[in-house]
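One letter stands for each residue in the lines below.
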Amino acid sequence: MTGRKRDIEATEALIERLSRDAAPVHPLPHPARRAARWLVVALAFGAAMVWAMGPRPDLAERLVDARFLLEQGAALATGIAAAIAALAFTIPGTSPWLRMLPVAPGALWLSTLSLGCLRDWWQMGADALRITPDLACFGYIALIGSLPAVVLLWMLRRGVPIAPGWSIGLGALAAAGLGNFALRFFHMQDAALMVLVWQVGSVMLLALLASLCGHRLLRWPGRADAIG
Amino acid sequence: MEPNEPARPEGLDPVSLERLMQRTQGGDQVAYRELLAEVAQRMRRLVRRRAPWLKPEDTEDLVQDILLSLHRARASWDPERPFLPWMVAIARSRMADNARRYARRAAIDMAVMDLAETFCDVPANRHAENVVNLMSMQKAMDNLSPTERQAVELLRLRQMSLAEAAEASGSTVAAMKVAIHRAMRKMRKTLWKE
(Lines give C-alpha, C1' and ligand atoms only; values in the text may rest on other atoms or scores of the structure.)
Protein backbone atom coordinates (compact mmCIF):
# COMPACT_ATOMS: atom_id res chain seq x y z
CA MET A 1 0.00 0.00 0.00
CA THR A 2 1.51 3.38 -0.96
CA GLY A 3 1.98 6.15 1.55
CA ARG A 4 -0.33 8.43 -0.42
CA LYS A 5 -3.18 5.93 -0.41
CA ARG A 6 -2.62 5.30 3.28
CA ASP A 7 -2.83 9.04 4.02
CA ILE A 8 -6.11 9.40 2.11
CA GLU A 9 -7.53 6.38 3.91
CA ALA A 10 -6.55 7.98 7.22
CA THR A 11 -8.52 11.08 6.17
CA GLU A 12 -11.51 8.92 5.26
CA ALA A 13 -11.30 7.15 8.61
CA LEU A 14 -11.24 10.55 10.31
CA ILE A 15 -14.35 11.61 8.35
CA GLU A 16 -16.12 8.45 9.50
CA ARG A 17 -15.15 9.09 13.10
CA LEU A 18 -16.15 12.76 13.06
CA SER A 19 -19.48 12.08 11.34
CA ARG A 20 -20.37 9.52 14.02
CA ASP A 21 -19.76 12.30 16.55
CA ALA A 22 -22.15 14.74 14.85
CA ALA A 23 -24.18 15.79 17.87
CA PRO A 24 -26.59 18.68 17.20
CA VAL A 25 -25.13 22.12 17.89
CA HIS A 26 -26.82 25.47 18.44
CA PRO A 27 -25.36 28.18 16.21
CA LEU A 28 -23.78 30.95 18.26
CA PRO A 29 -25.87 34.15 18.29
CA HIS A 30 -24.62 37.28 16.51
CA PRO A 31 -21.61 38.90 18.28
CA ALA A 32 -23.71 42.00 19.09
CA ARG A 33 -26.30 39.89 20.91
CA ARG A 34 -23.60 38.03 22.82
CA ALA A 35 -21.91 41.33 23.69
CA ALA A 36 -25.24 42.64 25.01
CA ARG A 37 -25.45 39.66 27.42
CA TRP A 38 -21.87 40.27 28.51
CA LEU A 39 -22.63 43.97 29.04
CA VAL A 40 -25.38 43.15 31.53
CA VAL A 41 -22.87 41.20 33.67
CA ALA A 42 -20.12 43.81 33.25
CA LEU A 43 -22.37 46.75 34.16
CA ALA A 44 -23.88 44.91 37.13
CA PHE A 45 -20.38 44.13 38.45
CA GLY A 46 -19.24 47.72 37.79
CA ALA A 47 -22.28 49.08 39.63
CA ALA A 48 -21.60 46.76 42.57
CA MET A 49 -18.01 48.00 42.72
CA VAL A 50 -19.11 51.66 42.63
CA TRP A 51 -21.54 50.91 45.47
CA ALA A 52 -18.82 49.08 47.42
CA MET A 53 -16.29 51.91 46.98
CA GLY A 54 -18.87 54.65 47.56
CA PRO A 55 -19.88 57.04 44.77
CA ARG A 56 -17.92 60.32 44.51
CA PRO A 57 -19.53 63.19 46.45
CA ASP A 58 -19.91 65.42 43.36
CA LEU A 59 -21.56 62.73 41.25
CA ALA A 60 -24.84 64.62 40.81
CA GLU A 61 -22.87 67.62 39.54
CA ARG A 62 -20.81 65.48 37.17
CA LEU A 63 -23.91 63.82 35.73
CA VAL A 64 -25.04 67.14 34.23
CA ASP A 65 -21.54 68.05 32.99
CA ALA A 66 -21.46 67.60 29.20
CA ARG A 67 -17.72 66.95 29.11
CA PHE A 68 -17.93 64.21 31.76
CA LEU A 69 -20.89 62.63 29.97
CA LEU A 70 -19.11 62.76 26.60
CA GLU A 71 -15.95 61.18 28.01
CA GLN A 72 -17.92 58.49 29.84
CA GLY A 73 -20.12 57.84 26.79
CA ALA A 74 -17.04 57.41 24.61
CA ALA A 75 -15.39 55.06 27.17
CA LEU A 76 -18.55 52.96 27.42
CA ALA A 77 -18.99 52.87 23.63
CA THR A 78 -15.35 51.82 23.19
CA GLY A 79 -15.81 48.99 25.69
CA ILE A 80 -19.00 47.74 24.03
CA ALA A 81 -17.54 48.02 20.52
CA ALA A 82 -14.39 46.20 21.64
CA ALA A 83 -16.50 43.36 23.09
CA ILE A 84 -18.43 43.01 19.81
CA ALA A 85 -15.18 43.07 17.81
CA ALA A 86 -13.50 40.53 20.11
CA LEU A 87 -16.44 38.15 19.68
CA ALA A 88 -16.53 38.81 15.92
CA PHE A 89 -12.87 37.81 15.69
CA THR A 90 -13.85 34.32 16.91
CA ILE A 91 -16.37 33.82 14.11
CA PRO A 92 -14.69 32.85 10.82
CA GLY A 93 -15.70 34.92 7.82
CA THR A 94 -17.48 37.72 9.70
CA SER A 95 -17.60 41.20 8.22
CA PRO A 96 -14.32 43.11 8.61
CA TRP A 97 -16.42 46.17 9.54
CA LEU A 98 -17.56 44.45 12.71
CA ARG A 99 -13.93 43.92 13.67
CA MET A 100 -13.11 47.60 13.09
CA LEU A 101 -15.99 48.74 15.29
CA PRO A 102 -13.92 50.09 18.24
CA VAL A 103 -11.92 52.46 16.01
CA ALA A 104 -14.56 55.24 15.88
CA PRO A 105 -15.55 55.32 19.60
CA GLY A 106 -11.90 54.82 20.58
CA ALA A 107 -10.88 57.81 18.45
CA LEU A 108 -13.72 59.84 19.97
CA TRP A 109 -12.60 58.87 23.49
CA LEU A 110 -8.99 59.90 22.85
CA SER A 111 -10.11 63.06 21.03
CA THR A 112 -12.37 64.24 23.85
CA LEU A 113 -9.58 63.71 26.39
CA SER A 114 -6.99 65.37 24.14
CA LEU A 115 -9.28 68.37 23.64
CA GLY A 116 -9.84 68.35 27.41
CA CYS A 117 -6.06 68.61 27.91
CA LEU A 118 -5.96 71.64 25.62
CA ARG A 119 -8.90 73.25 27.38
CA ASP A 120 -7.41 72.60 30.83
CA TRP A 121 -4.14 74.15 29.67
CA TRP A 122 -6.00 77.15 28.24
CA GLN A 123 -7.92 77.67 31.49
CA MET A 124 -5.31 76.74 34.11
CA GLY A 125 -1.98 77.10 32.36
CA ALA A 126 0.98 74.79 32.88
CA ASP A 127 -0.46 73.42 36.17
CA ALA A 128 -3.08 71.54 34.16
CA LEU A 129 -0.35 69.58 32.42
CA ARG A 130 1.37 68.35 35.57
CA ILE A 131 1.39 64.57 35.91
CA THR A 132 1.38 63.14 39.43
CA PRO A 133 1.48 59.43 40.27
CA ASP A 134 -1.95 57.78 40.40
CA LEU A 135 -1.11 54.10 40.24
CA ALA A 136 -4.33 53.16 42.05
CA CYS A 137 -6.12 53.66 38.72
CA PHE A 138 -4.39 50.60 37.28
CA GLY A 139 -5.40 48.44 40.24
CA TYR A 140 -9.00 49.65 40.23
CA ILE A 141 -9.40 49.18 36.49
CA ALA A 142 -7.88 45.68 36.67
CA LEU A 143 -10.14 44.83 39.64
CA ILE A 144 -13.37 46.12 38.11
CA GLY A 145 -12.49 44.57 34.76
CA SER A 146 -11.58 41.18 36.24
CA LEU A 147 -14.99 39.49 36.32
CA PRO A 148 -16.08 40.92 32.93
CA ALA A 149 -12.75 39.71 31.51
CA VAL A 150 -13.26 36.17 32.79
CA VAL A 151 -16.84 36.06 31.45
CA LEU A 152 -15.72 37.40 28.07
CA LEU A 153 -12.86 34.90 27.91
CA TRP A 154 -15.35 32.09 28.49
CA MET A 155 -17.51 33.48 25.67
CA LEU A 156 -14.52 33.85 23.35
CA ARG A 157 -13.53 30.23 23.97
CA ARG A 158 -16.89 29.12 22.58
CA GLY A 159 -15.84 30.61 19.24
CA VAL A 160 -12.89 29.86 17.00
CA PRO A 161 -9.28 31.01 17.60
CA ILE A 162 -8.87 32.63 14.18
CA ALA A 163 -6.90 35.61 15.53
CA PRO A 164 -6.23 34.93 19.24
CA GLY A 165 -4.09 38.02 19.85
CA TRP A 166 -6.77 40.34 18.48
CA SER A 167 -9.63 38.53 20.25
CA ILE A 168 -7.96 38.57 23.65
CA GLY A 169 -6.56 42.09 23.24
CA LEU A 170 -9.95 43.50 22.27
CA GLY A 171 -11.62 41.48 25.04
CA ALA A 172 -9.25 43.04 27.57
CA LEU A 173 -9.89 46.48 26.06
CA ALA A 174 -13.62 45.89 26.55
CA ALA A 175 -13.26 44.74 30.16
CA ALA A 176 -10.76 47.46 31.09
CA GLY A 177 -12.81 50.11 29.25
CA LEU A 178 -15.84 49.17 31.34
CA GLY A 179 -13.58 49.19 34.41
CA ASN A 180 -12.51 52.73 33.61
CA PHE A 181 -16.14 53.75 32.99
CA ALA A 182 -17.11 52.52 36.47
CA LEU A 183 -13.94 53.94 38.09
CA ARG A 184 -14.88 57.51 37.27
CA PHE A 185 -18.09 57.21 39.28
CA PHE A 186 -16.09 56.90 42.51
CA HIS A 187 -12.59 58.17 41.72
CA MET A 188 -12.21 61.96 41.94
CA GLN A 189 -9.85 62.50 39.05
CA ASP A 190 -11.07 64.62 36.13
CA ALA A 191 -7.93 66.37 34.90
CA ALA A 192 -7.89 65.30 31.25
CA LEU A 193 -4.16 64.60 31.11
CA MET A 194 -4.26 62.49 34.28
CA VAL A 195 -7.25 60.54 32.92
CA LEU A 196 -5.44 60.11 29.61
CA VAL A 197 -2.17 58.94 31.14
CA TRP A 198 -3.24 56.87 34.15
CA GLN A 199 -6.69 55.62 33.18
CA VAL A 200 -6.59 55.29 29.40
CA GLY A 201 -2.93 54.30 29.71
CA SER A 202 -3.89 51.48 32.11
CA VAL A 203 -6.64 50.30 29.77
CA MET A 204 -4.27 50.23 26.80
CA LEU A 205 -1.51 48.53 28.79
CA LEU A 206 -3.87 45.80 30.00
CA ALA A 207 -5.14 45.28 26.44
CA LEU A 208 -1.60 45.06 25.10
CA LEU A 209 -0.44 42.61 27.78
CA ALA A 210 -3.52 40.46 27.24
CA SER A 211 -3.06 40.38 23.47
CA LEU A 212 0.46 39.00 24.01
CA CYS A 213 -1.11 36.04 25.87
CA GLY A 214 -3.71 35.49 23.13
CA HIS A 215 -2.11 32.37 21.68
CA ARG A 216 -1.94 30.77 25.13
CA LEU A 217 -5.51 31.57 26.10
CA LEU A 218 -7.20 30.76 22.80
CA ARG A 219 -5.92 27.95 20.63
CA TRP A 220 -7.00 25.03 18.54
CA PRO A 221 -6.83 21.68 20.33
CA GLY A 222 -3.46 20.06 19.60
CA ARG A 223 -3.39 17.49 16.84
CA ALA A 224 -1.86 14.96 19.23
CA ASP A 225 -4.81 15.45 21.62
CA ALA A 226 -7.29 15.07 18.78
CA ILE A 227 -5.75 11.82 17.59
CA GLY A 228 -5.34 10.73 21.20
CA MET B 1 -6.52 14.17 -9.74
CA GLU B 2 -3.69 12.54 -7.77
CA PRO B 3 -3.16 8.81 -8.15
CA ASN B 4 -5.09 6.72 -5.60
CA GLU B 5 -7.38 9.61 -4.74
CA PRO B 6 -10.95 8.28 -4.55
CA ALA B 7 -13.08 9.32 -7.53
CA ARG B 8 -15.80 11.82 -6.61
CA PRO B 9 -18.27 13.71 -8.72
CA GLU B 10 -17.66 17.42 -9.36
CA GLY B 11 -17.97 19.61 -6.29
CA LEU B 12 -21.30 20.60 -4.80
CA ASP B 13 -22.58 24.13 -5.32
CA PRO B 14 -22.47 26.58 -2.41
CA VAL B 15 -26.21 26.31 -1.73
CA SER B 16 -25.97 22.52 -1.38
CA LEU B 17 -23.02 22.92 0.97
CA GLU B 18 -25.04 25.32 3.11
CA ARG B 19 -27.95 22.85 3.25
CA LEU B 20 -25.55 20.09 4.31
CA MET B 21 -24.09 22.32 7.00
CA GLN B 22 -27.54 23.22 8.30
CA ARG B 23 -28.42 19.51 8.52
CA THR B 24 -25.04 18.92 10.20
CA GLN B 25 -25.82 21.48 12.88
CA GLY B 26 -29.08 19.58 13.42
CA GLY B 27 -27.11 16.37 14.08
CA ASP B 28 -27.57 14.61 10.69
CA GLN B 29 -24.63 12.17 10.42
CA VAL B 30 -25.20 11.32 6.74
CA ALA B 31 -25.16 15.00 5.76
CA TYR B 32 -22.07 15.56 7.88
CA ARG B 33 -20.18 12.68 6.25
CA GLU B 34 -21.05 14.05 2.80
CA LEU B 35 -20.05 17.55 3.81
CA LEU B 36 -16.70 16.46 5.27
CA ALA B 37 -15.88 14.40 2.17
CA GLU B 38 -16.64 17.41 -0.04
CA VAL B 39 -14.66 19.75 2.20
CA ALA B 40 -11.70 17.34 2.25
CA GLN B 41 -11.69 17.32 -1.55
CA ARG B 42 -11.83 21.13 -1.77
CA MET B 43 -9.25 21.66 0.96
CA ARG B 44 -6.84 19.22 -0.70
CA ARG B 45 -7.02 21.39 -3.83
CA LEU B 46 -6.72 24.61 -1.81
CA VAL B 47 -3.69 23.41 0.14
CA ARG B 48 -1.96 22.15 -3.00
CA ARG B 49 -2.57 25.51 -4.68
CA ARG B 50 -1.48 27.65 -1.71
CA ALA B 51 1.40 25.47 -0.52
CA PRO B 52 2.62 23.50 -3.56
CA TRP B 53 5.95 22.79 -1.83
CA LEU B 54 4.32 20.53 0.80
CA LYS B 55 4.87 16.80 0.53
CA PRO B 56 1.66 14.80 -0.15
CA GLU B 57 1.70 13.40 3.40
CA ASP B 58 1.94 16.93 4.84
CA THR B 59 -0.87 18.12 2.58
CA GLU B 60 -3.09 15.32 3.86
CA ASP B 61 -2.01 16.08 7.41
CA LEU B 62 -3.17 19.66 6.93
CA VAL B 63 -6.47 18.56 5.37
CA GLN B 64 -7.09 16.43 8.47
CA ASP B 65 -6.31 19.40 10.71
CA ILE B 66 -8.83 21.50 8.79
CA LEU B 67 -11.52 18.80 9.15
CA LEU B 68 -10.88 18.56 12.90
CA SER B 69 -11.13 22.34 13.13
CA LEU B 70 -14.39 22.41 11.19
CA HIS B 71 -15.73 19.82 13.63
CA ARG B 72 -14.80 21.94 16.61
CA ALA B 73 -16.03 25.17 15.01
CA ARG B 74 -19.36 24.00 13.58
CA ALA B 75 -21.43 25.98 16.10
CA SER B 76 -19.75 29.18 14.92
CA TRP B 77 -21.33 29.00 11.45
CA ASP B 78 -24.35 31.28 11.14
CA PRO B 79 -26.94 29.60 8.85
CA GLU B 80 -27.77 33.03 7.45
CA ARG B 81 -24.22 33.52 6.17
CA PRO B 82 -22.47 31.78 3.26
CA PHE B 83 -20.61 28.57 4.10
CA LEU B 84 -17.53 28.85 1.90
CA PRO B 85 -16.02 32.11 3.30
CA TRP B 86 -16.45 30.61 6.79
CA MET B 87 -14.72 27.41 5.71
CA VAL B 88 -11.89 29.22 3.92
CA ALA B 89 -11.25 31.45 6.96
CA ILE B 90 -10.79 28.31 9.09
CA ALA B 91 -8.53 26.75 6.44
CA ARG B 92 -6.37 29.88 6.25
CA SER B 93 -5.99 29.94 10.01
CA ARG B 94 -4.96 26.28 10.08
CA MET B 95 -2.56 26.75 7.18
CA ALA B 96 -0.88 29.62 9.01
CA ASP B 97 -0.65 27.55 12.23
CA ASN B 98 0.68 24.63 10.25
CA ALA B 99 3.36 26.79 8.64
CA ARG B 100 4.53 27.93 12.08
CA ARG B 101 4.47 24.38 13.46
CA TYR B 102 6.27 23.04 10.39
CA ALA B 103 9.06 25.59 10.82
CA ARG B 104 9.35 24.77 14.53
CA ARG B 105 9.46 21.02 13.88
CA ALA B 106 12.09 21.49 11.19
CA ALA B 107 14.22 23.48 13.64
CA ILE B 108 13.93 20.72 16.27
CA ASP B 109 14.79 18.03 13.72
CA MET B 110 17.81 20.03 12.60
CA ALA B 111 19.01 20.39 16.20
CA VAL B 112 18.69 16.65 16.84
CA MET B 113 20.35 15.76 13.53
CA ASP B 114 23.20 18.17 14.27
CA LEU B 115 23.71 16.44 17.59
CA ALA B 116 23.64 13.02 15.94
CA GLU B 117 26.24 14.17 13.41
CA THR B 118 28.33 15.58 16.22
CA PHE B 119 28.67 12.28 18.00
CA CYS B 120 29.03 10.27 14.79
CA ASP B 121 31.61 12.33 12.92
CA VAL B 122 33.84 14.06 15.47
CA PRO B 123 37.58 13.40 15.23
CA ALA B 124 39.17 11.01 17.72
CA ASN B 125 40.83 13.79 19.74
CA ARG B 126 37.35 15.00 20.79
CA HIS B 127 36.50 11.63 22.22
CA ALA B 128 35.46 13.02 25.65
CA GLU B 129 33.01 15.47 24.09
CA ASN B 130 31.76 12.68 21.88
CA VAL B 131 31.02 10.51 24.91
CA VAL B 132 29.20 13.36 26.69
CA ASN B 133 27.02 13.99 23.63
CA LEU B 134 26.30 10.30 23.31
CA MET B 135 25.29 10.15 26.99
CA SER B 136 23.03 13.20 26.57
CA MET B 137 21.39 11.61 23.56
CA GLN B 138 21.00 8.31 25.46
CA LYS B 139 19.43 10.19 28.39
CA ALA B 140 17.06 12.03 26.06
CA MET B 141 16.07 8.70 24.49
CA ASP B 142 15.53 7.13 27.93
CA ASN B 143 12.76 9.63 28.67
CA LEU B 144 10.75 8.45 25.66
CA SER B 145 7.95 5.90 25.70
CA PRO B 146 8.60 2.67 23.75
CA THR B 147 6.42 3.93 20.86
CA GLU B 148 8.25 7.26 20.72
CA ARG B 149 11.66 5.57 20.88
CA GLN B 150 10.65 3.28 18.03
CA ALA B 151 9.50 6.30 15.99
CA VAL B 152 12.88 8.03 16.49
CA GLU B 153 14.74 4.87 15.56
CA LEU B 154 12.74 4.19 12.39
CA LEU B 155 12.27 7.76 11.15
CA ARG B 156 15.44 9.49 12.26
CA LEU B 157 18.13 6.84 12.66
CA ARG B 158 17.05 4.46 9.88
CA GLN B 159 15.72 7.37 7.77
CA MET B 160 12.50 5.53 6.81
CA SER B 161 9.53 7.38 5.35
CA LEU B 162 6.41 7.73 7.50
CA ALA B 163 4.59 5.07 5.47
CA GLU B 164 7.52 2.64 5.72
CA ALA B 165 7.88 3.26 9.44
CA ALA B 166 4.15 2.76 9.98
CA GLU B 167 4.27 -0.52 8.07
CA ALA B 168 7.39 -1.73 9.91
CA SER B 169 5.90 -0.96 13.31
CA GLY B 170 2.38 -2.15 12.52
CA SER B 171 1.11 1.32 13.32
CA THR B 172 -0.54 4.10 11.29
CA VAL B 173 0.98 7.13 9.58
CA ALA B 174 -1.00 9.44 11.85
CA ALA B 175 0.21 7.63 14.99
CA MET B 176 3.82 7.75 13.76
CA LYS B 177 3.51 11.51 13.15
CA VAL B 178 2.22 12.03 16.66
CA ALA B 179 4.90 9.78 18.18
CA ILE B 180 7.81 11.49 16.40
CA HIS B 181 6.43 14.92 17.18
CA ARG B 182 6.13 14.08 20.87
CA ALA B 183 9.52 12.39 20.89
CA MET B 184 11.27 15.39 19.34
CA ARG B 185 9.57 17.73 21.80
CA LYS B 186 10.63 15.61 24.79
CA MET B 187 14.19 15.23 23.47
CA ARG B 188 14.52 18.93 22.89
CA LYS B 189 13.40 19.61 26.48
CA THR B 190 15.88 17.08 27.87
CA LEU B 191 18.77 18.31 25.73
CA TRP B 192 18.12 21.95 26.49
CA LYS B 193 18.06 21.24 30.22
CA GLU B 194 21.58 19.76 29.98
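Structure: above.
Residues numbered from 1 in each chain as written. Chains lettered and ligands numbered in written order. Predicted model: local features only at pLDDT ≥ 70, side-chain atom pairs only at ≥ 80, totals over all residues. Heavy atoms only, no water.

A. Quick peek at the overall build of chain B. Looking only at helices and strands, one finds eight helices and zero strands in chain B. Shown N-terminal to C-terminal, the secondary structure of chain B runs as helices and strands in the order α-α-α-α-α-α-α-α. Buried positions account for 45% of the 194 residues belonging to chain B. Excluding contacts between residues fewer than 6 apart, the proportion of contacts in chain B whose partners are at least 24 apart in sequence is 60%. (Helix = DSSP H or I, 4+ residues; strand = E, 2+ residues; numbered from the N terminus. Buried < 20%, exposed > 50% of the residue type's maximum accessible area, 1.4 Å probe, protein only. Contact = heavy atoms within 4.5 Å.)

B. Here's a closer look at the overall build of chain A. When helices and strands are counted, chain A shows 11 helices and zero strands. Going from N to C terminus, chain A has its helices and strands arranged as α-α-α-α-α-α-α-α-α-α-α. A buried classification covers 48% of the 228 residues belonging to chain A. Within chain A, contacts between residues at least 6 apart in sequence are counted, and of these 84% link residues at least 24 apart. Of the accessible surface of chain A, which amounts to about 11,000 Å², a share of 70% is contributed by carbon and sulfur atoms. (Areas by Shrake-Rupley, 256 points an atom, 1.4 Å probe, with all protein chains shown as cover.)

C. Spatial organisation of a nonpolar patch on the surface. Residues and elements named next belong to chain A. A cluster of nonpolar side chains, namely Leu-115, Leu-118, Trp-121, Trp-122 and Leu-129, defines an oily patch on the protein surface of about 630 Å² accessible area. On the secondary structure map, Leu-129 appears in the loop between α6 (103-124) and α7 (136-157). Using a relative accessible area of 38% as the deciding quantity, one classes Leu-129 as partly exposed. (Patch = residues over 30% accessible without salt bridge, like charges linked within 9 Å, V, L, I, M, F, W, Y side chains within 5 Å. Salt bridge = Lys/Arg side-chain N within 4 Å of Asp/Glu carboxyl O.)

D. Quick peek at a positive patch on the surface. Together, Arg-157, Arg-216 and Arg-219 of chain A together with Arg-72 of chain B line one region of the surface with positive charge. Structurally, Arg-157 of chain A is set in helix α7. Look at Arg-157 of chain A and you get partly exposed, because its relative accessible area is 45%. (Lys, Arg positive; Asp, Glu negative; His and termini not counted. Charge placed at Lys NZ, Arg CZ, Asp CG, Glu CD.)

E. Layout of the environment of Ser-111 of chain A. Topologically, Ser-111 of chain A is positioned in helix α6. The spatial distance from the C-alpha of Ser-111 of chain A to the C-alpha of Ala-74 of chain A is 9.6 Å, given a sequence separation of 37 residues.

F. Broad picture of the interface of chain B and chain A. Residue-level contacts link 52 residues of chain B with 44 residues of chain A. Regarding the contact of chain B and chain A, the summed buried area is about 4,100 Å², with carbon and sulfur atoms giving 60% of it. The tally of links from chain B across to chain A stands at one salt bridge. As a salt-bridge pair, Arg-33 of chain B and Glu-16 of chain A come within 2.9 Å of each other at their nearest N and O atoms. At the junction of chain B with chain A, the criterion picks out 15 residue pairs in polar contact (both at pLDDT 80 or more). Those elements giving two or more residues to the side of chain B that touches chain A turn out to be α2 (29-50), α3 (56-73), α4 (83-121), α7 (162-169) and α8 (173-193) of chain B. Examining the composition of the side of chain B that touches chain A, we find that 13 residues originate from one element, α3 of chain B, more than from any other. Its residues placed into classes, the side of chain B that touches chain A shows 23 nonpolar, 11 polar and 18 charged. (Buried area = accessible area lost by both parts, 1.4 Å probe. Polar contact = N/O pair within 3.5 Å; in protein donor to acceptor, adjacent residues only side chain to side chain. Nonpolar A, V, L, I, M, F, W, Y, C, P; charged D, E, K, R; others polar.)

G. Structural view of the packing of aromatic side chains. Residue and element names in this part refer to chain A. All chains considered together, the criterion is met by six aromatic pairs over all chains. For the pair Phe-89 and Trp-166, a centre-to-centre distance of 5.8 Å together with 10° between the ring planes defines the contact as stacked. Of this pair, Phe-89 sits in the loop between α4 (66-88) and α5 (96-99) while Trp-166 sits in helix α8 (residues 164-183); the two residues are 77 residues apart in sequence, bridging distant segments of the chain. Using a relative accessible area of 56% as the deciding quantity, one classes Trp-166 as exposed. Here a set of aromatic residues connected by ring pairs shows up, and it is made of Phe-68, Phe-181 and Phe-185. (Phe/Tyr/Trp six-rings, centres within 6.5 Å; stacked < 30°, edge-to-face > 60°.)

H. Structural view of the packing of α2 of chain B against α3 of chain B. Residue and element names in this part refer to chain B. Axis separation between α2 and α3 bottoms out at 9 Å; the angle between their running directions is 135°. Our classification of the angle between α2 and α3 gives oblique. When you trace α2 past α3, the crossing you get is right-handed. Only Thr-59, Glu-60, Leu-62, Val-63, Ile-66, Leu-67, Leu-70 and His-71 of α3 make contact with α2, whose side of the interface consists of Tyr-32, Leu-36, Val-39, Ala-40, Met-43, Arg-44, Val-47 and Arg-48. When the residues that make up the contact of α2 with α3 are grouped by side-chain class, the tally is 11 nonpolar, two polar and three charged. (Axes fitted to C-alpha atoms, helices over the stretch in contact; angles between N-to-C directions. Parallel < 35°, antiparallel > 145°, perpendicular 65-115°, else oblique. Left-handed = near helix turned anticlockwise from the far one by under 90°.)

I. Spatial organisation of the nonpolar core. Residues Trp-38, Trp-109, Leu-152, Leu-156 and Leu-170 of chain A are the most contacted members of the largest nonpolar core, which totals 48 residues. Of all the elements in the fold, those that place two or more residues in this core are α2 (31-53), α4, α6, α7, α8 and α9 (192-212) of chain A. Setting aside chain neighbours within four positions, we find Trp-38 of chain A in contact with Gly-79, Ala-83, Pro-148, Val-151, Leu-152, Met-155, Ala-174, Ala-175 and Leu-178 of chain A. Residues Trp-220 of chain A together with Leu-36, Ala-40 and Phe-83 of chain B belong to the second largest nonpolar core, which totals 34 residues. (Core = buried A, V, L, I, M, F, W, Y, C linked by side-chain atoms within 4.5 Å.)

J. Geometry of the pattern of salt bridges. Under the defined criterion, the tally for this structure stands at 16 salt bridges over all chains. With its nearest N and O atoms 3.0 Å apart, the salt bridge here joins Asp-28 of chain B to Arg-23 of chain B. According to the relative accessible area criterion, Asp-28 of chain B is partly exposed, its value standing at 24%. A salt bridge links Lys-186 of chain B to Glu-148 of chain B; the shortest N-O distance between them is 2.9 Å. Note that Lys-186 of chain B is positioned in helix α8 and Glu-148 of chain B in helix α6 (residues 146-157), a separation of 38 residues in sequence. The class for Lys-186 of chain B is partly exposed, based on a relative accessible area of 33%. One salt-bridge network, in which partners are shared between bridges, spans Arg-56, Asp-58, Arg-62, Asp-65, Arg-67, Glu-71, Asp-120, Arg-184 and Asp-190 of chain A.

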